[in-house]
Amino acid sequence: MPRPSTPRLSPERIRRSGLEIIDTEGLDALSMRRLAQRLDVRAASLYNHVATKEDLLHEIADEVMSAVDVSDFDRDWVTGLRTWARSYRAALVDHPNLVPFIAYGPARRASALRAADAVHGGLTRAGWPQRYATMIGASTKYLVIGSAMGSFSHGFPADATVYANRFPHLSRAHLLHQKAAEIDAASFELALTALIDGLTTQLEDLTRES
């Protein structure tokens, strides 16, 4: 029996190709027709594996979010929060075009809901009131999403003449491109440390008041 001219469709191959389109062409570029073209199949073939584009996006997001590590909340809330935030950012930073979809919230995605459950449980076990646990989860998400959405450093033109004589305090901003990844990562770590330090003080205050 002759082998098929193209690899057999599978959910994994469909998700991988869909993510490649998002990464290279943008979120709006993904359609079932565009995906079928990339896979060299008829669009109707895709519907044997995924019902709608929306469902496919949720499956792609669920797979990306499955890499997020919430296991350290079993140790203590500070370690858990730090590990969660770092792994959350790492999961998203390579797929900035997908971030706006993920930013809406976990929806019914199992991996995102498991992570949210572990985060909330770890925080409340540590003594955080329910309301604060919710706000800490949201605050950390805002930090991660903002960091993963794009590069702060790459936003500055690399042309030194843009700043000369006009913006004296930005005289070295043209050099940011050279170490953009390092600066962006360090900026995230600075913000995360400031968040955790502030929360640690706040929990101490709450404990004294109770």
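Scoring rules and cut-offs
Residues numbered from 1 in each chain as written. Predicted model: local features only at pLDDT ≥ 70, side-chain atom pairs only at ≥ 80, totals over all residues. Heavy atoms only, no water. Helix = DSSP H or I, 4+ residues; strand = E, 2+ residues; numbered from the N terminus. Buried < 20%, exposed > 50% of the residue type's maximum accessible area, 1.4 Å probe, protein only. Domains from an automatic or database assignment. Contact = heavy atoms within 4.5 Å. Buried area = accessible area lost by both parts, 1.4 Å probe. Salt bridge = Lys/Arg side-chain N within 4 Å of Asp/Glu carboxyl O. Polar contact = N/O pair within 3.5 Å; in protein donor to acceptor, adjacent residues only side chain to side chain. Nonpolar A, V, L, I, M, F, W, Y, C, P; charged D, E, K, R; others polar.

An unreviewed UniProt entry lists the protein chain under the name TetR family transcriptional regulator, with Saccharopolyspora karakumensis as the source organism.

Caption draft 1: Summary view of unusual backbone geometry. Positive phi, normally seen in glycine, also occurs at aspartate 40, with a value near 60°. Here aspartate 40 is to be found in the loop between α2 (32-39) and α3 (43-46). For aspartate 40, a relative accessible area of 55% puts it in the exposed group. One non-glycine residue, asparagine 165, lies in positive phi territory at about 65°. Mapped onto the elements, asparagine 165 comes out in the loop between α8 (130-149) and α9 (180-209).

Caption draft 2: Molecular detail of the domain arrangement of the protein chain. Here the protein chain is described as being made up of domain 1 (1-66) and domain 2 (67-209). Taken over C-alpha atoms, the centre of domain 1 sits 30 Å from the centre of domain 2. Listed by partner, the interface residues are 15 residues for domain 1 and 16 residues for domain 2. Surface buried jointly by domain 1 and domain 2 totals about 1,400 Å² across both partners, of which 67% is contributed by carbon and sulfur atoms. Seen at the junction of domain 1 and domain 2, the total is zero salt bridges. Taken together, domain 1 and domain 2 are joined by ten residue pairs in polar contact (both at pLDDT 80 or more). Sorting the residues of the side of domain 1 that touches domain 2 by element identifies α1 (11-25) and α4 (53-65) as the ones contributing at least two each. The greatest single-element share of the side of domain 1 that touches domain 2, amounting to nine residues, is contributed by α4. Taken together, the residues of the side of domain 1 that touches domain 2 break down into eight nonpolar, three polar and four charged.

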